Amino acid sequence: MRDHVSSDSVVSMTQALVATDSRNPPGGERSAADVARQLLEPLGCTFEEVEPEPGRVSLVARLGEGGRPTLIVNGHLDVVPVSPDGWTRDPFGGAVADGRVWGRGTADMKGGIAAAIEAVLALGRAGRPLPCDLVFHLVADEEQGGRLGTNVLAASGHIVGDACLVPEPTSLAVCVAERGILTLEVLVHGRAAHASEPRRGVSAIEKAAKVVLAVHAADFDRSHPLLGSPSANAGLIAGGSGSNVVADRCLVTVDHRALPGQTESDAVDDVRRLIERIDDPDLRYELRTVVFGEASELAVGHPWVAQVQGAISAVRGAQAPVVGMTFATDARFVRNQAGIPAVVCGPGGIEQAHIDDEFVEVGALLDAAAVYAELMAGFDEQAVALLQTSGRAR
């Protein structure tokens, strides 16, 4: 199948997607959705747009008439912001040099989307029929938690299928599990006083410092074979009204990554227990959840994992490692809300994501497109019957 994948085609599609500025924040995926539609139109897709807020467009593209097995390809159109001073190349230029495509989103994850579209084109060149319907969910807002993207698709009943591929960058490893995310605000209360007599007050900044020391990089009492232990990062702190006033409030924002099976309440309690161990009778605080996304996992022995491995073996001659991600992707909505087995497997490494001078190897795009083509060509009634014997997402 690799011989039927076109380097010019997959690179040019990656470049076209990268050239659209879809940074989030501020968000605004309309232009990227329009480009994706143009790339998909030659395949004969039908389209639907989901736009919960102006400009926050998710594109649903269906190839097929229905009544056949349905494979979902979920990819996000938004990218993280750019610091211009850190880049040596145009972040939206899509330059090709040193065997790589350079630009924001090349690895995370416009290159993966291009590879999935190229897979369908490669099947056509090879004369291999597509035994399934394909549904592309090219979504908004993944980089900020997915509230306006895949979450909306799940809530509105758009996520319907037999299995899902998410071509996020994994170096074509097969990711079956990911931690959840809790963004938690810890508001610490103090008592104001004149700075010349600080002991007359209670410094919220002093108490918040104790919270930071208790929470940041703390040890937790459990672990997951693919995800390790939960983590906590005190990433933001702000407090006080002036250097001449004892601070009466201080806000610490914590990023906590939870394990499969934990609810929002469980994850909040993880952080609360760390704070409650602080021996300070003057410590007063409140907790407020800003973002919560559940962890998710697919059993390592699930038939969908085996089918993805089979496609990788057909292209590369060997199976790929099965891994977990310490961060969250939109696969969690597909696994948890829709109950559909989802695997994350894409070109580029996570070490290239979110960095200055982001890139993806052209060879990785070609391999990914060939793997996806093999996977699509084998997604027939027999393959789906194997999935159904194992239930849904687990």
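The preceding data block contains the structure.
Residues numbered from 1 in each chain as written. Predicted model: local features only at pLDDT ≥ 70, side-chain atom pairs only at ≥ 80, totals over all residues. Heavy atoms only, no water.

*Asks:* Please give an account of the side chain of H189 that cites residues and values.
*Replies:* Here H189 lies in strand β9 (residues 180–189). For H189, the side chain forms a polar contact with the side chain of E286, separated by 2.6 Å. Leave out the neighbours within four places in its chain, and H189 touches A204, D248, R284, Y285 and E286. (Helix = DSSP H or I, 4+ residues; strand = E, 2+ residues; numbered from the N terminus. Polar contact = N/O pair within 3.5 Å; in protein donor to acceptor, adjacent residues only side chain to side chain. Contact = heavy atoms within 4.5 Å.)

*Asks:* Can you break down the nonpolar core residue by residue, with the values?
*Replies:* Within the largest apolar cluster, 70 residues are counted, with the highest numbers of intra-cluster contacts made by L40, L134, F136, W304, V343, Y372 and M376. The element that contributes the greatest number of residues to this core is helix α9 (residues 362–377), accounting for twelve residues. Once you skip the residues sitting within four places of it in the chain, L40 turns out to touch C45, F47, L59, A61, I117, F136 and L138. Core analysis: the second largest hydrophobic core is formed by 23 residues, A208, A258, V268 and L283 among them. (Core = buried A, V, L, I, M, F, W, Y, C linked by side-chain atoms within 4.5 Å. Buried < 20%, exposed > 50% of the residue type's maximum accessible area, 1.4 Å probe, protein only.)

*Asks:* An account of the sheet that holds strand β11 (residues 249–258) is needed here, citing residue identities and associated values.
*Replies:* Within the open sheet, the four strands sit side by side as β10-β11-β9-β12. Their pairing is antiparallel. For this open sheet the edge positions go to β10 (231–239) and β12 (284–293), each flanked by a neighbour on one side alone. Between one strand axis and the next, the sheet turns by 20° as a mean value, whatever way the strands run. Relative to β11, β9 runs antiparallel, the two being bridged by ten bridges. Its bridge partner being in β11, V186 is matched across the sheet by V252. The strands touched by helix α5 (residues 204–215) are β9, β10 and β11; relative to β11, the strand with the most contacts, the crossing angle is about 10°. Along the sheet face, helix α6 (residues 264–276) touches β9, β11 and β12 and points at about 150° away from the line of β12. (Pairing = 2+ DSSP bridges. Axes fitted to C-alpha atoms, helices over the stretch in contact; angles between N-to-C directions.)

*Asks:* Which residues make up the side chain of N24, and what values go with them?
*Replies:* Along the polypeptide, N24 turns up in the loop between α1 (7–18) and α2 (30–40). Once residues within four sequence positions are removed from consideration, N24 is found in contact with E29, R56, D78, V79, V80, P81, D141, E143 and Q144.

*Asks:* Run through the layout of surface pockets, naming residues and quoting values.
*Replies:* Taken as a whole, the largest pocket holds about 450 Å³ of empty space. Lining of the largest pocket is provided by 17 residues; of these, E142, E143, G145, I181 and R257 occupy positions nearest its centre. In terms of residue class, the lining of the largest pocket is built from six nonpolar, five polar and six charged. (1 Å grid on protein atoms, 1.4 Å probe; cavity = no way out; pocket = protein on both sides within 12 Å on 5 of 7 lines; lining within 4 Å. Points joined across faces, edges and corners; volume = space filled by probe spheres on them. Nonpolar A, V, L, I, M, F, W, Y, C, P; charged D, E, K, R; others polar.)

*Asks:* Can you tell me about the sheet that holds strand β4 (residues 96–97), naming the residues and giving the values?
*Replies:* The strand order across the open sheet built from three strands is β4-β5-β16, with neighbouring strands paired in antiparallel fashion. Edge positions in the sheet fall to β4 and β16 (359–361), since each of these pairs with one other strand and no more. Relative to strand β5 (residues 100–102), β4 runs antiparallel, the two sharing two bridges. For V96, the partnering residue across the bridge sits in β5 and is V101. Those strands touched by helix α3 (residues 106–126) are β5 and β16, and its axis lies near 50° from that of β16.

*Asks:* Explain the packing of α3 against α9 to me, using residue names and the numbers behind them.
*Replies:* With their axes 7 Å apart at the nearest point, α3 and α9 run at an angle of 55° to one another. Here α3 lies oblique to α9, going by the angle between them. As for the relative orientation of α3 and α9, their crossing is right-handed in sense. Here G111, G112, A115, A116, E118, A119, V120 and L123 of α3 lie close against α9, whose contacting residues are L365, A368, A369, Y372, A373, M376 and A377. Its residues placed into classes, the contact of α3 with α9 shows twelve nonpolar, two polar and one charged. (Parallel < 35°, antiparallel > 145°, perpendicular 65-115°, else oblique. Left-handed = near helix turned anticlockwise from the far one by under 90°.)

*Asks:* Would you mind going over unusual backbone geometry in detail, with residue names and values included?
*Replies:* In this structure, P25 follows N24 across a cis peptide bond, with omega equal to 0°. Within the fold, P25 resides in the loop between α1 and α2. Residue P26 is reached from P25 by a cis peptide bond, and omega for that bond is 10°. As for its placement among the helices and strands, P26 is situated in the loop between α1 and α2. Even without being glycine, D98 reaches a positive phi, approximately 55°. Look at D98 and you get exposed, because its relative accessible area is 63%. Residues other than glycine seldom take positive phi values, yet S171 does so here, at roughly 55°. Position of S171 among the secondary structure elements: in the loop between β7 (163–166) and β8 (174–178).

*Asks:* Explain the pattern of salt bridges to me, and be specific about the residues and the numbers.
*Replies:* A pair can form between side chains of opposite charge whenever their charged atoms are brought close. Within the structure shown, the criterion is met by 28 salt bridges. Among the ionic pairs, E374 bridges to R128, the shortest N-O distance being 3.3 Å. Remark: R128 occurs in the loop between α3 and β6 (133–139) and E374 occurs in helix α9; sequence separation between them is 246 residues. With a shortest N-O distance of 2.7 Å, D280 and K210 are connected by a salt bridge. Of this pair, D280 sits in the loop between α6 and β12 while K210 sits in helix α5, placing them 70 residues apart in sequence. D280 sits in the buried class, given a relative accessible area of 11%. (Salt bridge = Lys/Arg side-chain N within 4 Å of Asp/Glu carboxyl O.)

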